[in-house]
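Architecture at a glance
The lines below spell out each chain.
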Number of protein chains: 4
Amino acid sequence: MNLLLTGFEPFDNSDRNPSLEIARELDRRRIGDVQVTSRILPVSMQRIAVALDTVLDETRPDLVLSLGLAGHESMIRIERFGMNLADFPIADNDGARSVDQALIPEGTVGVATTIPNRAIYDALLAAGIPARLSNTAGLYLCNACIYLTHAALTRRGSPARFGFLHLPYLPEQVAALLAGPRAGRLPEQVASMSLETMTRAVEIAIGSCAQSNVASARAASRS
Amino acid sequence: MNLLLTGFEPFDNSDRNPSLEIARELDRRRIGDVQVTSRILPVSMQRIAVALDTVLDETRPDLVLSLGLAGHESMIRIERFGMNLADFPIADNDGARSVDQALIPEGTVGVATTIPNRAIYDALLAAGIPARLSNTAGLYLCNACIYLTHAALTRRGSPARFGFLHLPYLPEQVAALLAGPRAGRLPEQVASMSLETMTRAVEIAIGSCAQSNVASARAASRS
Amino acid sequence: MNLLLTGFEPFDNSDRNPSLEIARELDRRRIGDVQVTSRILPVSMQRIAVALDTVLDETRPDLVLSLGLAGHESMIRIERFGMNLADFPIADNDGARSVDQALIPEGTVGVATTIPNRAIYDALLAAGIPARLSNTAGLYLCNACIYLTHAALTRRGSPARFGFLHLPYLPEQVAALLAGPRAGRLPEQVASMSLETMTRAVEIAIGSCAQSNVASARAASRS
Amino acid sequence: MNLLLTGFEPFDNSDRNPSLEIARELDRRRIGDVQVTSRILPVSMQRIAVALDTVLDETRPDLVLSLGLAGHESMIRIERFGMNLADFPIADNDGARSVDQALIPEGTVGVATTIPNRAIYDALLAAGIPARLSNTAGLYLCNACIYLTHAALTRRGSPARFGFLHLPYLPEQVAALLAGPRAGRLPEQVASMSLETMTRAVEIAIGSCAQSNVASARAASRS
């Protein structure tokens with residue numbers, strides 16, 4: 001089973017992004033029956049669709065798991081949906097800021113991620129890792145990634161399941177914010193999660209995806 | 001230099017408390033010039049004053065660093081003050097709940113912790129660990145620990161500096177809350193910090209305390 | 001122009017619900033060119049679809065604006081989407097708790113509200129009322145209301161625009177929570193908004209809907 | 001009974017401050033047996049002590065109730081303590097920013113407000129107004145006001161009770177923040193409270209103060 005694992009490059013004046021670091025860390029790793037191939041996506045409205053097409057063509061995955069950073073999040077956030085809308089709170093890495101813009105004109109309103117979100121949630125809690133099921137991935141690049149991945153897989157007729165995990169800040173990112181020029185404007189609480197915990201969470205999620213894929217394949221072969 | 005490191009036993013239906021685990025982990029450890037001796041305090045209004053007297057008499061420390069758990073906190077919280085008041089949001093481990101009760105009748109309103117809080121803050125941020133200086137330790141047992149430690153050291157004529165660090169939940173504690181009966185009532189965000197990060201934070205704080213004690217001693221010997 | 005304004009009955013052990021109070025307050029009111037007719041919906045998975053059908057048949061509206069309570073929200077929350085999923089954090093008023101249940105089997109993943117959400121947002125801020133555009137109405141009855149209203153209007157071939165506003169607690173509801181048995185478990189901050197401010201917000205939103213409907217009608221008649 | 005009611009001028013780029021507006025609104029008002037005289041204090045470390053001396057000399061109050069704004073607070077926050085420390089998250093209206101600076105060198109660590117905080121809390125909740133007892137007024141000008149008022153009254157040998165209420169943003173202030181240049185950096189939730197609710201809260205607090213003063217005077221005259 002080939003799994004494409006994507007992360008995003010750093011953005012918003014940070015030089016780190018846990019999604020990038022975990023994608024790189026797990027690249028070429030074998031987790032159970034799953035062979036992981038990682039790619040990094042641009043934080044760019046203009047370039048993300050082409051980038052997704054490229055990485056899907058290069059890797060032809062059976063499973064797609066995308067990772068992104070959600071600043072001020074405290075848990076592993078398992079995204080259920082992607083919506084056909086871009087409305088950016090801050091500019092992207094090209095300095096562009098979409099406002100109320102459809103990702104695909106005439107596209108369907110929303111899509112659902114198809115990896116076993118509830119099983120991942122249960123597995124993370126069982127492993128002692130805080131997680132939550134989420135109904136919105138925001139309207140920045142992470143949401144665009146979900147919506148456009150669905151579209152790209154559909155165009156290819158690919159049966160690959162896909163999903164998205166949002167990750168908290170790394171502790172080092174919060175420490176940098178607290179030592180930085182906007183410190184006096186930060187909320188009193190800014191959560192983080194260690195790279196080790198987040199990496200373990202992604203490995204567990206990959207395991208849940210694989211198990212579920214195998215179960216479906218068996219069910220299909222029996223019928 | 002002998003440092004007394006205290007933690008608290010678990011409370012509020014949890015079977016874990018990071019302050020206890022870190023105190024035990026660092027017990028008998030030598031960190032630079034500091035020899036650590038750890039003790040665990042009861043989450044009990046009725047028993048904490050005697051417990052503090054006992055551990056101070058047993059250990060005769062040059063420095064006292066106390067640790068406690070602050071659920072829903074996201075950072076290492078460095079406490080500046082202890083107040084002469086107990087007003088508990090929940091019952092303690094004896095089932096008792098103090099309301100607007102002075103810790104020491106006729107005692108002074110507030111006391112300041114005397115370890116180098118700002119230096120600890122700077123050292124933690126420099127190490128990439130989220131931290132904040134705090135003006136209130138709440139009015140539960142942690143605040144009582146600060147106020148009563150000050151009183152106990154003063155009664156002994158001890159020059160030992162003392163301080164208090166509040167710690168976030170462990171990831172496993174948040175996962176247990178999310179899997180537990182009150183899950184539907186929790187806020188959307190509940191922060192945590194890994195035991196590794198918190199242990200490193202306490203070691204760094206101990207290092208800052210030691211450095212500052214040595215500097216003071218040198219200054220005193222010169223004068 | 002006939003506008004159906006819906007509110008929800010109280011739920012979750014409260015005896016108040018601002019959405020109900022505002023719907024009743026504005027019932028039979030004329031706001032500009034809009035004639036308001038109000039109805040109260042049950043907080044019940046089993047009964048809401050039939051209730052919506054009944055009120056739509058009774059009122060045959062040109063516009064539908066639904067209101068609901070979002071505890072712990074601080075602003076007027078303008079909902080952009082409804083999703084085909086029920087996943088309740090707490091039981092409904094029948095004591096039933098849906099988990100990962102489709103609202104309409106084989107239904108589309110998500111629907112978008114069609115009132116001029118951005119214009120309402122701008123009008124509320126201009127009037128000094130805190131508001132935000134929201135990407136998720138949760139997965140409780142409010143989301144079900146959005147999704148099922150869309151379905152019911154579509155089944156009728158109705159061109160009526162529809163939308164949803166989530167409202168904060170009333171101050172009196174927060175005061176009751178603070179005086180109640182769960183006070184020690186509440187987050188430090190629980191926001192509220194006065195009934196007057198919320199009622200004014202709904203009137204402003206109705207005005208924005210009407211203006212936009214008139215503008216569309218004129219555009220249509222010109223072409 | 002003469003009550004001095006103080007508010008603060010606007011600060012931090014806002015042109016409003018609910019504490020100023022309520023102080024002005026209630027100036028010269030008679031509330032039960034209480035005659036209110038209001039004064040506005042500068043948001044200035046350099047000028048606040050002199051300003052407090054001046055207003056106390058001018059008004060010779062039997063009671064002092066000070067009001068201040070706590071942005072991002074959701075309730076009426078009743079302050080129990082003032083600490084001998086200034087540590088500003090942002091500059092004051094003179095552009096000055098105190099860091100770890102004692103308000104009165106050699107002054108006591110902390111002081112307690114002496115109005116009946118618990119009775120005010122109970123009265124506010126009974127009136128349906130969200131309120132909370134607070135252990136820290138921050139380390140900005142509001143805390144300085146508490147600490148320095150205590151010192152100024154003590155210097156005068158005044159038996160006047162004094163206290164402090166922190167107020168949330170006005171709805172219009174939050175709307176202005178949401179429409180302003182820092183909107184994309186704000187937390188998702190920013191609470192507010194209507195001027196009417198806050199004014200009623202201050203009137204209720206004044207009533208509680210008066211009742212308690214009368215009760216003490218009677219008790220004193222009996223003994």
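A brief look at the structure comes next. (Residues numbered from 1 in each chain as written. Chains lettered and ligands numbered in written order. Predicted model: local features only at pLDDT ≥ 70, side-chain atom pairs only at ≥ 80, totals over all residues. Heavy atoms only, no water.)

Comments concerning the overall build of chain A
Definition in use: Numbering of helices and strands runs from the N terminus; a helix is a DSSP stretch of H or I covering at least four residues, while a strand is a stretch of E covering at least two. Radius of gyration here is computed from C-alpha atoms only, and the compact-globule reference equals 2.2 Å multiplied by the residue count raised to the power 0.38. Each residue is placed in one exposure class: buried if its accessible area under a 1.4 Å probe, protein chains only, is under 20% of its type's maximum, exposed if it is over 50%, and partly exposed if it falls in between. Computed with the Shrake-Rupley method and a 1.4 Å probe, the accessible areas treat only the protein chains shown as cover for residues. None of His or the chain ends enter the tally, which takes Lys and Arg as positive and Asp and Glu as negative. Where a charge lies is defined by one atom per residue type, namely NZ (Lys), CZ (Arg), CG (Asp) and CD (Glu).
Scanning chain A from terminus to terminus reveals six helices and nine strands. For 223 residues, the compact-globule estimate of 2.2 N^0.38 gives 17 Å, and the C-alpha radius of gyration of chain A, at 17 Å, lies within 12% of that figure. When burial is assessed residue by residue, chain A has 57% of its 223 residues classed as buried. Just so you have it, chain A exposes about 8800 Å², and 50% of that area is on carbon and sulfur atoms. For chain A, the centre of its 21 positive side-chain charges and the centre of its 23 negative side-chain charges are spaced 5 Å apart.

A word on the pairing of strand 4 (residues 63–69) of chain D
Residue and element names in this part refer to chain D. Counted only if it meets this: A pair of strands is labelled paired if DSSP reports no fewer than 2 bridges between them.
Of all seven residues that make up strand 4, seven are buried, and the element is covered over most of its length. Residues Leu63, Leu65, Leu67 and Leu69 point to one face of strand 4 and Val64, Ser66 and Gly68 to the other, with burial holding for every one of them. When strand 1 (residues 2–8) meets strand 4, the two strands line up parallel, connected through four bridges. Paired with Thr6 across the strands is Ser66, a residue of strand 4. When strand 4 meets strand 9 (residues 161–167), the two strands line up parallel, connected through seven bridges. The residue of strand 9 that forms the bridge with Leu69 is Leu167.

Looking at helix 6 (residues 195–222) of chain D
Rules: For a helix, the expected span equals 1.5 Å multiplied by the number of residues minus one.
When the terminal C-alpha atoms of helix 6 of chain D are compared, their 41 Å separation across 28 residues agrees well with the 40 Å that a helix rising 1.5 Å per residue should span. What helix 6 of chain D keeps buried is the set Thr197, Met198, Thr199, Ala201, Val202, Ala205, Ile206, Ser208, Cys209, Ala210, Ser212 and Asn213 of chain D.

Looking at the sheet that holds strand 1 (residues 2–8) of chain A
All names here are of chain A. The condition that has to hold: In what follows, a contact means two residues having at least one pair of non-hydrogen atoms within 4.5 Å. Orientation is described by axes fitted as lines to C-alpha atoms, over the contacting stretch for helices, and by angles from 0 to 180 degrees between their N-to-C directions.
Spatially, seven strands are ordered 2-3-1-4-9-5-8 in an open sheet, and the strand pairing comes out mixed. Looking at which strands have only one partner, the edges of the open sheet turn out to be strand 2 (30–31) and strand 8 (131–134). For strand 1 and strand 3 (residues 34–41), the ladder comprises seven bridges, and the chain directions are parallel. When the bridges of strand 3 are listed, Gly7 appears paired with Ile40. Relative to strand 9 (residues 161–167), helix 4 (residues 141–155) is tilted by about 175 degrees, and along the sheet it contacts strand 1, strand 3, strand 4 (63–69), strand 5 (76–79) and strand 9.

Focus: the interface of chain A and chain B
Stated precisely, the cut-off is as follows: Buried area adds together the accessible area that both of two parts lose upon being put together, with accessible area traced by a 1.4 Å probe. When a carboxyl oxygen of Asp or Glu is within 4 Å of a side-chain nitrogen of Lys or Arg, the pair counts as a salt bridge. Two N or O atoms form a polar contact when they lie within 3.5 Å of each other; inside protein one atom must be a possible hydrogen donor and the other a possible acceptor, and for residues adjacent in sequence the pair counts only when both atoms belong to side chains.
Listed as interface residues are 24 residues of chain A and, on the opposing side, 24 residues of chain B. Contact between chain A and chain B buries roughly 1900 Å² in total, counting both sides, with carbon and sulfur atoms accounting for 56%. The interface formed by chain A and chain B contains two salt bridges. Here Glu188 of chain B ties to Arg132 of chain A by a salt bridge, and the two come within 3.5 Å at their closest N and O atoms. Across the contact surface, chain A and chain B share nine residue pairs in polar contact (both at pLDDT 80 or more). Breaking the side of chain A that touches chain B down by element, the ones donating at least two residues are helix 3 (117–126), strand 8 and helix 5 (171–178) of chain A. Here the element with the most residues in the side of chain A that touches chain B is helix 5 of chain A; it accounts for five residues.

Quick word on the relation of the copies chain A and chain B
Selection criterion: A least-squares superposition brings the copies together, and it is based on the C-alpha atoms of residues with pLDDT no lower than 70 in both.
When chain A is fitted to chain B, the best match, at an RMSD of 0.0 Å, comes from turning it 180 degrees and sliding it 0.0 Å along the axis. Between the two chains, the operation in question is that of a two-fold axis. Nearest to the rotation axis, the C-alpha of Ala191 of chain A is located 2.7 Å from it, this being the minimum over chain A. Both copies present the same face, since 100% of the interface residues in chain A are matched by interface residues at the equivalent positions in chain B.

As far as function goes, none of this settles anything; it's purely spatial.
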